[in-house]
Amino acid sequence: MHLLRPQCDWLYVAFLLAHKSPDPEEGRNPHRGKKSGNSRQVWNMAAPETQSMLSVGLIEKDVNGDTLWVWCYPAVDSEFRQILLSKCCLTQNKEDFHTFVFGQFCRTWYYISTLEVQEPTSLNKVTHLSVVVTAKDFNPEKYAALNRILCRMYIKYGSPVKMMEVYIAVLTKGICQSEENGSFLTKDYDVRKAFLAGSIKDVVSQFGMETIILYTAVMLKKRIAVHHPRIEALLEFTRVLPALAWHRKDWSILHPYVHLTDTEVEHLSKCTGYIAGFVDPEVSNRSDLFDVYVNLPDSIITVSQSAKEAMMMGKLHKDVGHLIVQSAEDTERSDSQVIKDISMKTKQILAHLGTLAEQCEGSKITLEHLKQQHFPPATENFLFHLAAAEQILQM
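Residues numbered from 1 in each chain as written. Predicted model: local features only at pLDDT ≥ 70, side-chain atom pairs only at ≥ 80, totals over all residues. Heavy atoms only, no water.

Remarks on the overall build of the protein
Move 1: Secondary structure summary: the protein contains 15 helices and twelve strands in total.
Move 2: The buried share of the protein, taken over its 395 residues, is 51%.
Move 3: Nonlocal contacts in the protein, meaning residues at least 24 apart in sequence, comprise 66% of its contacts between residues at least 6 apart.
Move 4: Accessible surface for the protein amounts to roughly 19400 Å². Of this, 51% is attributable to carbon and sulfur atoms. (Helix = DSSP H or I, 4+ residues; strand = E, 2+ residues; numbered from the N terminus. Buried < 20%, exposed > 50% of the residue type's maximum accessible area, 1.4 Å probe, protein only. Contact = heavy atoms within 4.5 Å. Areas by Shrake-Rupley, 256 points an atom, 1.4 Å probe, with all protein chains shown as cover.)

Thoughts on the state of the cysteines
Move 1: The tally for this structure, following the rule as stated, stands at zero disulfides.
Move 2: Cys106 forms no disulfide, and the closest cysteine sulfur to it belongs to Cys271, at a distance of 8.5 Å. (Disulfide = S-S within 2.5 Å.)

Quick word on the sheet that holds strand β5 (residues 126-135)
Move 1: On the basis of which strands lie adjacent, the open sheet formed by five strands has the order β2-β1-β5-β4-β3 and antiparallel pairing. Edge positions in the open sheet fall to β2 (67-73) and β3 (100-105), since each of these has one partner strand only. Averaged over all pairs of adjacent strands, the angle between strand axes in this sheet comes to 20°, irrespective of strand direction.
Move 2: Taken together, the eight bridges between strand β4 (residues 108-116) and β5 define a ladder with antiparallel strand orientation. Following the sheet pairing, Thr114 is matched in β5 by Ser130. (Pairing = 2+ DSSP bridges. Axes fitted to C-alpha atoms, helices over the stretch in contact; angles between N-to-C directions.)

Looking at the confidence of the model for the protein
Move 1: Predicted confidence across the protein gives a mean pLDDT of 87, with 86% of residues reaching 70 or more.
Move 2: Taken together, the stretch residues 1-50 has pLDDT below 50 and engages in 77 contacts with residues farther than four places along the chain or on a different chain. (pLDDT = per-residue confidence, 0-100.)

A look at the packing of aromatic side chains
Move 1: Enumeration according to the criterion identifies 16 aromatic pairs in this entry.
Move 2: Where Phe138 meets Phe195, the ring centres are 6.4 Å apart and the plane angle is 15°; that geometry is what we call stacked. Of this pair, Phe138 sits in the loop between β5 and α5 (140-157) while Phe195 sits in helix α7 (residues 191-195), and the two are 57 residues apart along the sequence. Of the two residues, Phe138 and Phe195, both sit in the buried class.
Move 3: Taken together, a centroid distance of 5.5 Å and an interplanar angle of 15° make the contact between Phe184 and Tyr189 stacked.
Move 4: For Phe184, a relative accessible area of 2% translates into the label buried. (Phe/Tyr/Trp six-rings, centres within 6.5 Å; stacked < 30°, edge-to-face > 60°.)

Topic: the nonpolar core
Move 1: Counting residues in hydrophobic clusters, the biggest one holds 111 residues, and the most contacted among them are Val131, Phe138, Ile200, Tyr215, Phe237 and Val294.
Move 2: Top contributing element to this core by residue count: α5, with nine residues.
Move 3: Those residues within four positions of Phe138 in sequence are excluded, and the remaining contacts are Phe102, Trp109, Tyr111, Val191, Ala194, Phe195, Arg239, Trp251 and Leu254.
Move 4: Grouped together as the second largest cluster of nonpolar side chains are eleven residues, Ala225, Val265, Val283 and Leu289 included. (Core = buried A, V, L, I, M, F, W, Y, C linked by side-chain atoms within 4.5 Å.)

Points about the sheet that holds strand β10 (residues 274-278)
Move 1: Strand order in this open sheet of five strands is β9-β10-β8-β11-β12, and the pairing throughout is mixed. Of all strands in the sheet, those with a lone pairing partner are β9 (254-255) and β12 (300-303), marking the two edges.
Move 2: The pairing of β9 with β10 spans two bridges and is parallel. Across the sheet, the residue bridging to Leu254 is Ile275, located in β10.

What about the pairing of β5?
Move 1: For β5, the tally of buried residues reaches nine of ten residues, placing the bulk of the element in the interior.
Move 2: Where strand β1 (residues 53-62) meets β5, nine bridges bridge the pair, whose relative direction is antiparallel. Paired with Asp62 across the bridge in β5 is Val126.

Here's what the structure looks like:
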């Protein structure tokens, strides 16, 4: 195995930086201005990366069938390392091979790319490898692209040295370039594109009017559990759902790949509301983990008994549901336009809620004030719970 001791990482990085050309123009876009006055601009490209990228790690499977975490920078604590190993398909006793998976644990995103090592290569005792990048931001497409380059570098050179150089270049400059292994530019991966990468039209095509249940659950910050035996289907479906509450732009509620281990369940239970994906069908019996359960293969949505009052449906829900279905079924409208249509309707509801709040002391809605509006029971109930979710309810 190609193991670098964790305690040597800082010395190793210092060595790399000391022997690396300090010229910030290295690898710059040839269409930019001349070197004079431009170095600060290139260096500042890294600011978002410095705050988002957290670590890079390497997992190998050898000819004996052993899978080991062989290297990382910087150190990753033992609990998180075990989580990452469990997500890597190389450690699972299955024939399933996942080239790319992502998920979240304790507010940290992980992105794992796995490939088979093909001959000829200096890694003659390694059959498969996985590169793991952890970060603070949700952007699967960005890290899938970066991971591909890191994988190629490692396979070509058989050492983490070149892989580390790529990581540091992206960390400090936001860019890496290689004629053989591809180029990567952080600015090419806008987070809004990541938020809109899934297909809301596919969700509506599968669930029709019942999509309003998902909309209501997300708006009210309920706990949604989604099951599908294929991780790829889970990742594709769950990543769309936070967009139903586009005004929040909050993908921290997304936990697309959760195992029913004590550690993961404990951390998940600390979240007030979430969208969690499970490959284990046993989750259907864990009513303590969800308010809404989605059986994705069978296209069935179930509301738990404890959440039925808050999730009571009425005319307002029917109107929103019709809008969602009508927009999604319009072949002229793109997925992003459907999200915009839903967002516009949501803004109308929130604006009305805000008007009600302004009429109350401290701009906090009271149940008594809601009752004075003589809304239908289901609408009153929804607005009450929505006010709580938006933190404008007077308790």
